[in-house]
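Spelled out from the first residue to the last, the chains are:
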Amino acid sequence: MTLWYLARAAGVVAMIMFTASASLGILTSGSRKPERRFWLQYVHRSAAATGLILLITHVVAVISDSYVAISPTVLFWPFGSGYRPSAMAVGTLALYGLVLAAVVGAARGRLARSEAFTKHWRTIHIAASAGWLLSIGHALLAGTDRGTPWMLAITIGCLAAVVAAGAYRVRSQAARASTPLNLKRDLARAGRTR
């Protein structure tokens, strides 16, 4: 039973940490103040790294638990799982997206010298967003607690946090764009004023 509790707890807390990372990532890219941006990025990356460790713990505990027969092959062929194959496929795709974003993000400093990589960073980073969204789907489909009020509240809370961060960013960017001083400055930067 210990592995079962560990797998559940690690999975839920990983989803919460990835939600915090996603929300902070949205807020970071909308921030103009360098010191605020630095701290948001720091916590964003820390939450993502913590989430990744918990995700690995979740996967190892689920595979190690003999109560639910999930073999390591689920990482390569999730539809072959005897336990909720669709849910396992969604979880495996979430794992792929989150790990891809983590590996590329860890190498970002070294790869930043490449202009081609820099241009494609945001596109690659979309894998993290897709992985986060798939992890929400996995939580709704896979867990033994998926239908309980507390798990639904956590899952809906995670969705609400990311939506709220996105709404705040859109609203703050619209407000910044409509400010006359910012409009004049932005036009000057673009070389459109005389």
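Our structure's up above, just so we're on the same page.
Computed from a predicted model, the values in this text were never measured in an experiment. (Residues numbered from 1 in each chain as written. Predicted model: local features only at pLDDT ≥ 70, side-chain atom pairs only at ≥ 80, totals over all residues. Heavy atoms only, no water.)

What follows concerns the packing of aromatic side chains. Inspection of every chain in the model, using the stated rule, returns four aromatic pairs. With centroids separated by 5.1 Å and ring planes inclined at 80°, the aromatic side chains of F38 and W39 adopt a geometry described as edge-to-face. When its relative accessible area of 48% is taken as the criterion, F38 is described as partly exposed. Measuring from ring centre to ring centre gives 6.2 Å for W77 and F79, while their planes differ by 65°; the resulting arrangement is edge-to-face. Chaining the aromatic ring pairs together yields one cluster made of F38, W39 and Y42. (Phe/Tyr/Trp six-rings, centres within 6.5 Å; stacked < 30°, edge-to-face > 60°. Buried < 20%, exposed > 50% of the residue type's maximum accessible area, 1.4 Å probe, protein only.)

A positive phi is found at R84, a non-glycine position, where the angle reads about 40°. By the element assignment, R84 lies in the loop between helix 2 (34–64) and helix 3 (85–106). Judged by its relative accessible area of 29%, R84 falls in the partly exposed class. (Helix = DSSP H or I, 4+ residues; strand = E, 2+ residues; numbered from the N terminus.)

Turning our attention to helix 5 (residues 115–141). In this model, helix 5 (27 residues) spans 40 Å end to end at C-alpha, consistent with the 39 Å of a helix rising 1.5 Å per residue. Along helix 5, the residues classified as buried are F117, W121, A127, A128, G131, W132, S135, I136, G137, H138 and A139. (Expected span 1.5 Å × (residues − 1).)

Further remarks concern the packing of helix 3 against helix 5. With their axes 7 Å apart at the nearest point, helix 3 and helix 5 run at an angle of 150° to one another. When the axis of helix 3 is compared with that of helix 5, the two are roughly antiparallel. Judged by the sense of rotation from one axis to the other, the crossing of helix 3 with helix 5 is left-handed. In this structure, helix 3 contributes A87, M88, V90, G91, L93, A94, G97, L98, L100, A101, V104 and G105 to the contact, and helix 5 contributes F117, W121, I124, A127, A128, G131, W132, L134, S135, G137, H138 and L141. When grouped by side-chain class, the residues that make up the contact of helix 3 with helix 5 number 17 nonpolar, seven polar and no charged. (Axes fitted to C-alpha atoms, helices over the stretch in contact; angles between N-to-C directions. Parallel < 35°, antiparallel > 145°, perpendicular 65-115°, else oblique. Left-handed = near helix turned anticlockwise from the far one by under 90°. Contact = heavy atoms within 4.5 Å. Nonpolar A, V, L, I, M, F, W, Y, C, P; charged D, E, K, R; others polar.)

This part covers the nonpolar core. By size, the foremost hydrophobic cluster in this structure holds 16 residues, and its most contacted members are M15, F18, L55, W132, I136 and M151. Sorting the residues of this core by element identifies helix 1 (2–29), helix 2, helix 3, helix 5 and helix 6 (149–178) as the ones contributing at least two each. The greatest single-element share of this core, amounting to five residues, is contributed by helix 1. Here L55 is in contact with A14, F18, L95 and L98, once residues within four sequence places are set aside. With six residues, the next largest nonpolar core counts I70, V74, A87 and A142 among its residues. (Core = buried A, V, L, I, M, F, W, Y, C linked by side-chain atoms within 4.5 Å.)

Turning our eyes to something else, we now look at the pattern of salt bridges. All chains considered together, the criterion is met by one salt bridge. We note a salt bridge from D145 to R8, for which the minimum N-O separation is 2.4 Å. Taken together, the positions of D145 in the loop between helix 5 and helix 6 and R8 in helix 1 put the pair 137 residues apart, joining distant regions of the chain. The class for D145 is buried, based on a relative accessible area of 15%. (Salt bridge = Lys/Arg side-chain N within 4 Å of Asp/Glu carboxyl O.)

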